[in-house]
Every structure is written in C-alpha cells, then in structure tokens.
Amino acid sequence: MTIPLEIIDLSKTYDTKEAVRNISFKVNENQIIGILGPNGCGKTTTIGMILGLLKPTKGKILINGIEIEKQRVELLNELNFISPYIELPKKLTVKQNLEVYGRLYDVKELGIKIDYLCEKLRLNEFINKITGELSSGQKNRVSLAKSIINDPSVLLLDEPTASLDPETGDFVRSFLEEYQKERKTSILLASHNMAEVERLCSSVLMMNKGSIIDQGTPCELIKKHGRRNMEEVFLKLTRDLI
Amino acid sequence: MYGLFLRHFYLIKSSLPRVLDLIYWPTIQIILWGFISKFFSIYSDYYNNTLGIILTCAILYDILFRSSISFNMLFLEEIWSRNFTNLFIAPLKLKEIIISLIFTALIRTLIGLVPAIILTSPLFGVSILKLGFPLFILFLSLYIFGITLGLFVSSGLMRYGPSFENIAWSSLFLLAPLGCIYYPIEILPEFFQVIAKGLPLVYIFDETRNILINGLVDYENIKQACLLNLVYLIFGIGLFYLSFLRARIKGTLINMGE
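Residue numbering note: each chain is counted from 1, following its sequence as written. Numbering of ligands from 1 and lettering of chains from A proceed in the order in which they are written. Confidence filtering applies because this is a predicted model: local features only for residues at pLDDT of at least 70, side-chain atom pairs given and counted only at 80 or more, and all residues used for totals across whole chains, interfaces and linings.

Colleague: Give a description of the overall build of chain A that names residues and reports values.
Modeller: Looking only at helices and strands, chain A has nine helices and ten strands in total. C-alpha atoms define the radius of gyration in this analysis, and the globule rule sets the expected value at 2.2 Å times the number of residues to the power 0.38. Computed over the C-alpha atoms, the radius of gyration of chain A is 18 Å, within 12% of the 18 Å expected from 2.2 N^0.38 for a compact globule of 242 residues. A principal-axis box enclosing the C-alpha atoms of chain A has dimensions of 50 × 40 × 35 Å. Whether a residue is buried, exposed or partly exposed is read from the other C-beta atoms within 10 Å of its own C-beta, which are placed from the backbone; 20 or more gives buried, 12 or fewer gives exposed, and intermediate counts give partly exposed. Going through the 242 residues of chain A one by one, you find that 43% of them count as buried. Note on contacts: each residue gets a C-beta atom placed from the backbone, and two residues are in contact if those atoms are within 7 Å. Relative to all contacts within chain A whose residues are 6 or more apart in sequence, the contacts with residues 24 or more apart total 65%. Helix and strand definitions follow DSSP, with helices as H or I runs of at least four residues and strands as E runs of at least two, each counted in order from the N terminus.

Written out as structure tokens, the structure is:
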C-alpha cells in the first residue's frame, strides 16, 4: 500500500541559514500527525515544501509514492491547505469562492459538493455574503470548506483554530475528527494549541531549529519526559535547547 | 510633530526605492512634455490634424497602459487579498495562469477603453476607427506588448514580493518618453534613439501617424513591431518561469501578502 505522505531526509537552506535539516517522517492513511515547535523552528518551511511552494535543497517528498518535484501540478490535486495567514478573495461571496476553487481543482458535480460542504460546515446562513464581511469564525469555516473541496488525500493544517473562539474552535476540531474518519484522509497538523494536538493527533513530531528533536504519541511523550501534558513537554523540550 | 517627521524620514532614508519613487514621476513628466514641446516648437506645421493625431495616439497608448496595468492588477489583487498562496497550491500549470491572466486582462482593457473610444467621436470629432484594418494589428501589437510588460512586472512581484509593487505602477511611464507616442523618433537625442529603436512602440506610433497623415500603410513598420513583440513576449514568458523557480528557491511565494 502506498503511503500518502512520506518525507525523506528533507533539508532547506536559505543562503547560509538552514531552515530545515534532514527531517524524515511519514503520514499514513487515516492518520493525523502533529508538528510542534517554537516559531521559526521550520514547520511552515516544511509545509511549504510539501505544497511545492518551496524547492527543497535536499531530500524527497513523496505523495502517494510519487515525488512532488517530478509531478508538482498533478500531485497538487491530492493536497490542500488551510492557514489563518492566507485568505480567500475578500470581494467574492462565499459561494463564488467555492465555485472558483471547485473549478480550479476540477471538482466533479460541484453543485452537490458545495451543498455538502454548506451543510457540514454550516455555511448556508452566509453562503451569499461577501467573504470579507464575515467574522473570523465564519471565514475559517469557509477556508476549511475550500481546503477539502477536492477531497485531498493529504490535508495540511497550519494552526487551523488560531484566533477562534472556544465554541468555533471545538466545532472545527470535531468536524476534522469526523471528516478524517469518514474520508480516511492523512492530515499533517501544525499547531501551538497543545490540547488540540493531544485530542487530534495519533503521533507528534517535535521540531526545533529545523530538526526533529523528538517524536511519539502524545501519551508516550508525556510519559517519557515525566510531564502532565503536552504543553509541559513542549516547554521542557524547547527550553532545554535554548 | 518632530517625531512624526522622523518616522517618515527614517522610512525614506532606509529605502532607496522610496527615494527613487519620489524622484521618478516629476522627472518622467518633465522629459515627456519637454520632448513634446520641442517637437511643436520646431515643427509647428507638421500636423494638419493635431488634435486627431494626438488623441488617436493617446487612445492607442491607453491600450498599452490598460492591458499592462490590468495584468499587473490581477496579480497584485491576489497579493493584497492574501490569496496568492491558495492560487499557487492549486493544480494550475504556469502556462494556464499566464493564459487566464491574458484573457482576463483583455476584458478589463476593453471595459476601460471602449467608453473612451466612443466618447472621443462626439466630444472631439475624432474616431480611432479611421485607421481602418491596420487598427486591429496596432491594437494587437500594443496589447501584446502591454501583456509582456505585465509579465516582466509579475515576474518581479513573484521574485521580490510586494516591495516590487511601485515598479509595477511606474514601468509604463518609463517607456512613454522613449515610445515616441506623440512625436517622431528624430526628436529624441541620438543615444535615446538607439534605445527607442529596440521598442515596438516607436514603430506602432510612427505607423499610426503615417496612416493618419499620409493615408498610407507601411507594412515594414508593422512587421518590425510584430517581430520585436514576439522577441519580448518569449523573453517575458521565460522570465516568468525563471522567477517562479527562483521564488521557490528563495521562499517568496510562501510569505507573499503577509
């Protein structure tokens, strides 16, 4: 069986700065892997390389067994991404945005797909509103709809619940759990929310200064480092290395 | 008050592009109108139909201006709306991005220009349609060159990020004096003539004046313009691809709009 996402000995160097250093990991089908680490540890660079926005200096990224550098555009059909740092066109309505991205990803039976997303993500109440006029929580749900419009086999989430109120954050997490079980999607989740990582991820990669410094299930890491939760593990690992 | 002055002073002092931007517009304006004035003072009897020729040339120049700005705007809007990353992670080939921008820019250009073209007839008694069939070729040449300039600027935006934005706005005005829109190439100093001959604009506007004044079509001018357009277009497309590759190496795509 092919592995949806496999990273082999991946490095990225900007001029003289090594942003990511020889990292390797896999995300299997129906698995959520978390990437944790302080700001600037290489999480976004790693995601950027997986999405083909960055060219790796060394190493390989395999999507369903095929190297992304060899078939970048074709493999982008298998991926999608959500981040609070990127937005959908603000002047279009929610429906227009979903139609645009549905067409960009060549989604079959787009109308049915949009109806499904509207129902699952509770978009119906503002489907014809201008995206720029929505609240953060509503925008987040629209971005989430865009990120799964093509039923990606690998979904990359960069702080998907940042700046959301607790209720919306919980809704998004519940949706992701349900969606992942239903579609058996492989998810790579970069987050600073340790409770979220403990709840969603079956395995966690701890990064610092471009390298993976530890990995395991949240329970294993908590036990191994003698701490009560992932937040304490995070603080221990990052402070130890300062 | 002094603090606010210092805030802007530090900003200007630390950025050479900002200083150049401040100098740029007045200089270009002075040069452009200087050449126009010189032309009229030397050859005041050159035109029988000065208004018609100047307006026709102004409209044609606007085709270039609108097509290039439209192309740049489409790219800039993705940056301003922070949608750039979404676009570049969609399964789109670069050639598909270029083609869709070219067609969208054409629509934007026509929306901006058609009303202006229609208005010149009742307001000034000037109709660009007097150029006849060559108008189509001149339009196409200007449109292609506008798109090519758009490709150059978009390449810069992709490679250097939003800081390249000012150049996006000013690139066309740099070509205005050298493009010989309102006067023949002979008005330019010799050194500038050498540069101007490398631009399709000189041949396009020379031919426009030739048609309007003499009622004849010199296909040599049109051929020269098309040939130069083709060279620049191929170079522009190559540069776009190269900039995308460099942006992937340098990491500009991932931080765009942040």
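Colleague: Can you explain the sheet that holds strand β5 (residues 66-67) of chain A? Please cite residues and give values.
Modeller: Residues and elements named next belong to chain A. Two strands pair under a simple rule: DSSP has to find at least two bridges between them. With antiparallel pairing, the four strands of this open sheet are ordered in space as β2-β1-β4-β5. Strand pairing shows two members of the sheet lacking a second neighbour, β2 (17-27) and β5, which therefore form its edges. Alignment of strand β4 (residues 58-63) against β5, held across two bridges, turns out to be antiparallel. For Ile63, the partnering residue across the bridge sits in β5 and is Ile66. Each of β1 (5-14), β2 and β4 touches helix α1 (residues 43-50); the most contacted strand, β2, lies at about 65 degrees to it. To get an axis, a line is fitted to the C-alpha atoms, and for a helix only the part in contact is used. The angle between two axes follows their N-to-C directions and goes from 0 to 180 degrees.

Colleague: Could you give an account of the interface of chain A and chain B, with specific residues and numbers?
Modeller: The partner chain B presents 17 residues to the 21 residues of chain A that form the contact. Going through the elements one at a time, α1, α2 (72-76) and β6 (79-82) of chain A are the ones with two or more residues in the side of chain A that touches chain B. Ranked by residue count, the leading element in the side of chain A that touches chain B is α2 of chain A, at three residues. Note on residue classes: Ala, Val, Leu, Ile, Met, Phe, Trp, Tyr, Cys and Pro are nonpolar, Asp, Glu, Lys and Arg are charged, and everything else, Gly too, is polar. Per-class residue counts for the side of chain A that touches chain B are 14 nonpolar, three polar and four charged.

Colleague: Tell me about the sheet that holds strand β9 (residues 203-208) of chain A, and please be specific about residues and values.
Modeller: Residue and element names in this part refer to chain A. Taking strand neighbours across the sheet as the criterion, the six strands line up as β6-β7-β8-β3-β9-β10 in an open arrangement whose pairing is mixed. In this open sheet, the two edge strands, each paired with only one partner strand, are β6 and β10 (211-216). For this sheet the average axis-to-axis angle between neighbouring strands, irrespective of direction, equals 20 degrees. Of the strand pairs in this sheet, β9 and β10 are connected by five bridges, and their pairing is antiparallel. For Met206, the partnering residue across the bridge sits in β10 and is Asp214. Those strands touched by α1 are β3 (32-36), β7 (154-158), β8 (186-190) and β9, and its axis lies near 150 degrees from that of β7.

Colleague: Describe the domain arrangement of chain A, naming the residues involved and giving the relevant values.
Modeller: Residues and elements named next belong to chain A. The split into domains, and so the bounds of each, comes from an automatic or database assignment of domains. In terms of domains, chain A is made up of domain 1 (5-78 + 153-240) and domain 2 (88-151). For domain 1 versus domain 2, the distance between C-alpha centres works out to 25 Å. Contacts between domain 1 and domain 2 engage ten residues on the former and eleven residues on the latter. Of the residues that constitute the side of domain 1 that touches domain 2, the class distribution is five nonpolar, three polar and two charged.

Colleague: An account of unusual backbone geometry is needed here, citing residue identities and associated values.
Modeller: Residue and element names in this part refer to chain A. The backbone of Asn30 sits at a positive phi, close to 65 degrees, despite the residue not being glycine. Mapped onto the fold, Asn30 is located in the loop between β2 and β3. Its identity is not glycine, yet Lys209 carries a phi of approximately 50 degrees, on the positive side. Lys209 sits in the partly exposed class, given 16 other C-beta atoms within 10 Å.

Colleague: Explain helix α5 (residues 94-124) of chain B to me, using residue names and the numbers behind them.
Modeller: All names here are of chain B. Between its first and last C-alpha, α5 extends 44 Å over 31 residues, near the 45 Å set by a 1.5 Å rise per residue. The axis of α5 is deflected most strongly, by about 30 degrees, at Leu113, and proline Pro115 appears within four residues downstream. Listed as buried for α5 are Leu101, Ala105 and Thr109. One or two residues past the end of α5 sits Gly125, with phi positive at roughly 70 degrees. Multiplying 1.5 Å by the residue count of a helix minus one yields the expected span of that helix. The angle separating two fitted axes, one through the seven residues that finish at a residue and one through the seven that start at it, defines the bend at that residue.

Colleague: For the confidence of the model for chain B, give the residues involved together with the corresponding values.
Modeller: All names here are of chain B. Per-residue confidence for chain B averages 82 on the pLDDT scale, and 80% of its residues sit at or above 70. Every residue carries a pLDDT, the predictor's confidence in it, which falls somewhere between 0 and 100. When pLDDT is averaged over each element of chain B, helix α10 (residues 219-250) comes out on top at 95 and helix α1 (residues 2-13) at the bottom at 60. Across the interface, the model reports ipTM at 0.89; the global pTM reads 0.86.

Colleague: Report on the environment of Thr131 of chain A, specifying residues and quantitative values.
Modeller: Residues and elements named next belong to chain A. Locating Thr131 in the fold gives a position in the loop between α4 (110-120) and α5 (136-147). Residue Thr131 is classed as buried on the basis of its C-beta count, with 23 C-beta atoms lying within 10 Å. C-alpha separation for the pair Thr131 and Glu87, spaced 44 residues apart in sequence, amounts to 9.4 Å. Beyond its immediate sequence surroundings of up to four residues, Thr131 is in contact with Leu88, Pro89, Lys90, Leu92, Thr93, Val94, Asn97, Lys139 and Val142.

Colleague: Any chance you could break down the pairing of β9 of chain A for me, citing the residues and the numbers?
Modeller: Residues and elements named next belong to chain A. As defined by bridge partners, β3 adjoins β9 across four bridges and the pair is classed as parallel. Bridging from a neighbouring strand, Leu36 pairs with Met206 of β9. Taking the residues between adjacent antiparallel strands as the criterion, β9 and β10 are bridged by two residues, where Lys209 takes a positive phi near 50 degrees.

Colleague: Can you explain the pairing of β3 of chain A? Please cite residues and give values.
Modeller: When a strand is regular, its side chains alternate between the sheet's two faces. With five of five residues buried, β3 of chain A is to be regarded as a mostly interior element. Of the two faces of β3 of chain A, both are covered, the one formed by Ile32, Gly34 and Leu36 of chain A as well as the one formed by Ile33 and Ile35 of chain A.

Colleague: Which residues make up the nonpolar core, and what values go with them?
Modeller: The term nonpolar core refers to a group of buried residues, namely Ala, Val, Leu, Ile, Met, Phe, Trp, Tyr and Cys, whose C-beta atoms join them within 7 Å. Core analysis: the biggest nonpolar cluster contains 117 residues, and Leu79, Ala145, Leu156 and Leu189 of chain A together with Leu142 of chain B have the highest contact counts within it. The leading source of residues in this core is helix α6 (residues 134-160) of chain B, at 13 residues. In this structure, this core is formed jointly by two domains, domain 1 (5-78 + 153-240) and domain 2 (88-151) of chain A, each of which donates at least three residues.

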